[in-house]
Amino acid sequence: MAFLATSQAKINPFLAVGPRRADGYHELVTVFHAVDLREDVHVAFAADGIDRLMFVGPIDTTALDTGHDNLVWRAVEAVAARGELSRRQALDITVTKRIPIQGGMAGGSADAAATLVAANDAFGTGLGRTELLGIAAELGSDVPFCLVGGTALGTGRGECLEPVDAPPLWWVIVTAPAGLSTPAVYATFDELHRVGAGERAAMVDPGRTDADAMISALRAGDPQAIAALLRNDLQAAAILLAPHLADTLAAGRDAGALGGVVSGSGPSVALLCADEAHARLVAGRMLNGGHSAIAARGGLGPQA
Ligand code: C5P
């Protein structure tokens with residue numbers, strides 16, 4: 001018996017970052033938007049009683065740790081711990097990876113989200129959506145969004161979600177040869193803004209008005225308006241750590257994208273396009289310029 005679940009990458013068309021909180025996380029007002037690069041998680045019971053986790057391509061997965069610290073196993077344990085009738089059996093898990101590693105696109109979080117669903121099915125735990133979202137928030141700030149997909153406003157540290165009903169969009173995702181560490185990007189953000197714990201505490205709602213404008217543009221499905229409102233407060237920190245990102249964003253503009261933004265903590269870059277044909281044209285131009293680029297639809301739910 002095998003159980004399969006899938007989860008998509010995310011980008012943040014809007015990411016306003018507030019102060020670092022006492023727990024070390026930053027208060028966010030962000031818009032999450034799923035893009036159609038998918039992780040497939042395949043879960044089966046291990047006949048020999050030994051846990052096994054394997055990552056397979058199309059991207060290079062050799063650097064990934066498959067030990068029990070991996071979010072995939074933490075998701076399995078969290079589901080098993082919730083099930084009164086379920087029994088934690090040894091699992092054979094294969095993850096097909098398409099989301100760049102350390103790319104600011106929630107690849108590890110997507111693995112965790114899909115594993116929650118597959119493990120819930122495998123163990124017959126019967127956890128509902130609310131319970132799964134609660135476990136997801138414990139596993140990581142982006143994991144709840146990876147469960148729901150589509151487009152959503154994220155607040156708190158990113159785990160509090162309000163779905164946004166918006167039509168799909170077309171993007172070109174440009175990936176970088178080396179990843180960036182999310183904590184390192186946030187630490188650089190703090191240095192740039194000289195933000196210590198508790199400082200700027202009055203700024204409880206960073207960028208909320210601009211987020212509302214972005215949500216209106218997304219609901220209207222107006223790519224030109226969305227392009228004008230793209231914002232990522234972590235972008236300057238990401239560019240400081242990976243200066244080539246400034247060239248990538250300029251190349252995206254030269255290739256005719258409506259707008260571009262670093263995705264989350266980077267280094268992946270999302271270029272907004274008018275429609276599919278435009279995205280394929282921009283992706284081709286970026287590829288010709290030596291970038292690693294792929295056209296992808298955004299805003300779909302997990303099962304689309
Ligand atoms: O929640 P997650 O484990 O994915 O976060 C990874 C790291 O990113 C955190 O340890 C923290 O350094 C940083 N982070 C943050 N504020 C957030 C989300 C993440 O500072 N809202």
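Residues numbered from 1 in each chain as written. Predicted model: local features only at pLDDT ≥ 70, side-chain atom pairs only at ≥ 80, totals over all residues. Heavy atoms only, no water.

Thoughts on the side chain of Asn70
Phase 1 of the analysis: With respect to the element layout, Asn70 can be found in the loop between strand S3 (52-56) and helix H1 (71-82).
Phase 2 of the analysis: Discounting chain neighbours no more than four positions away, the residues touching Asn70 are Leu53, Phe55 and Asp65. (Helix = DSSP H or I, 4+ residues; strand = E, 2+ residues; numbered from the N terminus. Contact = heavy atoms within 4.5 Å.)

Description of helix H10 (residues 276-288)
Phase 1 of the analysis: Its 13 residues give H10 an end-to-end C-alpha distance of 18 Å, which sits within 8% of 18 Å, the value for a rise of 1.5 Å per residue.
Phase 2 of the analysis: Those residues of H10 that fall on the buried side of the exposure criterion are His278, Ala279, Val282, Ala283 and Met286. End-on view of H10: buried residues confined to an arc of 135°, all on one side of the axis. Exposed positions of H10 whose direction lies more than 90 degrees from the buried face are Ala277 and Asn288.
Phase 3 of the analysis: In this fold, the buried residues of H10 make contact with strand S7 (169-175), helix H9 (244-254), strand S10 (269-273) and strand S11 (292-298).
Phase 4 of the analysis: For H10, the side-chain oxygen to backbone nitrogen distance between the N-cap and Ala277 is 3.3 Å, and the N-cap itself is Asp275.
Phase 5 of the analysis: At the C-terminal side of H10, Gly290 shows a positive phi close to 90°. (Expected span 1.5 Å × (residues − 1). Buried < 20%, exposed > 50% of the residue type's maximum accessible area, 1.4 Å probe, protein only. Arc of directions from axis to C-beta. Polar contact = N/O pair within 3.5 Å; in protein donor to acceptor, adjacent residues only side chain to side chain.)

Concerning the site of the ligand
Phase 1 of the analysis: Around the ligand sit Gly24, Tyr25, His26, Leu28, Gly140, Ser141, Arg157, Thr182, Pro183 and Tyr186, and those are all the residues in its vicinity.
Phase 2 of the analysis: Between the ligand and His26, the relevant distance is 2.7 Å, taken from an oxygen atom to a side-chain nitrogen or oxygen of the residue.
Phase 3 of the analysis: When the free accessible area of the ligand is taken as 450 Å², the share hidden by the protein chains comes to 76%.
Phase 4 of the analysis: Breaking the shell around the ligand down by element, the ones donating at least two residues are strand S2 (26-45) and helix H5 (182-193).
Phase 5 of the analysis: Sorting elements by how many residues they give to the shell around the ligand places H5 first, with three residues.
Phase 6 of the analysis: For the shell around the ligand, a count of residues per class yields four nonpolar, five polar and one charged. (Near = heavy atom within 4 Å. Areas by Shrake-Rupley, 256 points an atom, 1.4 Å probe, with all protein chains shown as cover. Nonpolar A, V, L, I, M, F, W, Y, C, P; charged D, E, K, R; others polar.)

Describing the packing of H1 against helix H3 (residues 129-139)
Phase 1 of the analysis: Look at H1 against H3: their axes get within 11 Å of each other, and the N-to-C directions meet at 140°. Regarding the angle of H1 to H3, the classification is oblique. You can see that H1 and H3 cross each other, and the crossing is right-handed. Residue-level contacts link Leu71, Arg74, Ala75, Ala78 and Arg82 of H1 to Ile135, Glu138 and Leu139 of H3.
Phase 2 of the analysis: Among the residues forming the contact of H1 with H3, the class breakdown is five nonpolar, no polar and three charged. (Axes fitted to C-alpha atoms, helices over the stretch in contact; angles between N-to-C directions. Parallel < 35°, antiparallel > 145°, perpendicular 65-115°, else oblique. Left-handed = near helix turned anticlockwise from the far one by under 90°.)

With respect to the pairing of strand S1 (residues 2-20)
Phase 1 of the analysis: For S1, the buried fraction is high: 15 of the 19 residues fall into the buried class.
Phase 2 of the analysis: Bridging between S1 and S2 involves 15 bridges; their strand directions are antiparallel. Bridging from a neighbouring strand, Ala9 pairs with Val35 of S2.
Phase 3 of the analysis: Two strands pair when backbone bridges link them, and S1 and strand S8 (residues 231-232) are joined in this way by two bridges, in the parallel orientation. By the bridge assignment for S8, Leu15 is matched with Asn232. (Pairing = 2+ DSSP bridges.)

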